[in-house]
Amino acid sequence: QVQLVESGGGLVQAGESLRLSCAASGSIFSINTMGWYHQAPGKERELVAVISSGGSTDYADSVKGRFTISRDNAKNMVYLQMNILQPDDTAVYYCHAKILSMRGGPLYGHWGQGTQVTFSS
């Protein structure tokens, strides 16, 4: 069993920052790609940022230059530093990780339960 638990969401105002964290635990042999997605009300879930096991990153155009994804492989954690937050950033943010639970086993994608980020004017 694998669990992803996000934390760090909340209410923010113009110009403020937030740092989201996601901890993976359970039956983990290795973690491949980790990423953050968001889902705004009435919209589909979209990729925000992704980071490979080697540290290569990719971002949605809407967050380039404002958000930074990072990971700590020793702690099985991924982070999302969110700066210059804007109203359109309001969404539930989900952590995702592709995890190998045993050597030679299949790679499965796992989701966290989500953390709410709300922009307040």
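Residues numbered from 1 in each chain as written. Predicted model: local features only at pLDDT ≥ 70, side-chain atom pairs only at ≥ 80, totals over all residues. Heavy atoms only, no water.

Undergrad: Explanation requested: the nonpolar core in the structure shown.
TA: Most often, soluble globular proteins have nonpolar side chains that are buried together. Membership of the largest hydrophobic core comes to 30 residues, with the highest contact counts inside it found for Trp 36, Leu 80, Met 82 and Tyr 93. Taken together, the elements giving at least two residues each to this core come down to strand E1 (2-7), strand E3 (18-26), strand E4 (30-39), strand E5 (46-51), strand E7 (67-72), strand E8 (77-82), strand E9 (91-100) and strand E11 (115-119). Here the element with the most residues in this core is E9; it accounts for five residues. Excluding residues within four positions of it along the chain, Leu 80 makes contact with Leu 18, Arg 19, Leu 20, Trp 36, Val 48, Ala 49, Phe 67, Thr 68, Ile 69 and Tyr 93. (Core = buried A, V, L, I, M, F, W, Y, C linked by side-chain atoms within 4.5 Å. Buried < 20%, exposed > 50% of the residue type's maximum accessible area, 1.4 Å probe, protein only. Helix = DSSP H or I, 4+ residues; strand = E, 2+ residues; numbered from the N terminus. Contact = heavy atoms within 4.5 Å.)

Undergrad: Explanation requested: the layout of surface pockets in the structure shown.
TA: One water molecule sets the probe size; rolling that probe over the atoms shows where empty space is left. Here the largest pocket is characterised by a volume of approximately 210 Å³. His 38, Lys 43, Glu 46, Ser 62 and Asp 88 are, among the 15 residues lining the largest pocket, the residues nearest its centre. Considering only residue class, the lining of the largest pocket consists of five nonpolar, four polar and six charged. (1 Å grid on protein atoms, 1.4 Å probe; cavity = no way out; pocket = protein on both sides within 12 Å on 5 of 7 lines; lining within 4 Å. Points joined across faces, edges and corners; volume = space filled by probe spheres on them. Nonpolar A, V, L, I, M, F, W, Y, C, P; charged D, E, K, R; others polar.)

Undergrad: Would you take a moment to explain the side chain of Ser 21 for this structure?
TA: Secondary-structure assignment places Ser 21 in strand E3. Of the residues examined, Ser 21 reaches a relative accessible area of 14% and is grouped as buried. Dropping the residues within four chain positions of it, Ser 21 is found in contact with Val 5, Glu 6, Ser 7, Trp 36, Met 77, Val 78 and Tyr 79.

Undergrad: I would appreciate a short explanation of the side chain of Thr 115 in the present structure.
TA: Assignment of secondary structure puts Thr 115 in strand E11. Judged by its relative accessible area of 12%, Thr 115 falls in the buried class. There is a polar contact of 3.2 Å between the side chain of Thr 115 and the backbone nitrogen of Gly 9. Once residues within four sequence positions are removed from consideration, Thr 115 is found in contact with Glu 6, Ser 7, Gly 8, Gly 9, Leu 20, Ala 91, Val 92 and Tyr 93. (Polar contact = N/O pair within 3.5 Å; in protein donor to acceptor, adjacent residues only side chain to side chain.)

Remember that the coordinates give geometry; whether it matters functionally is a separate question.
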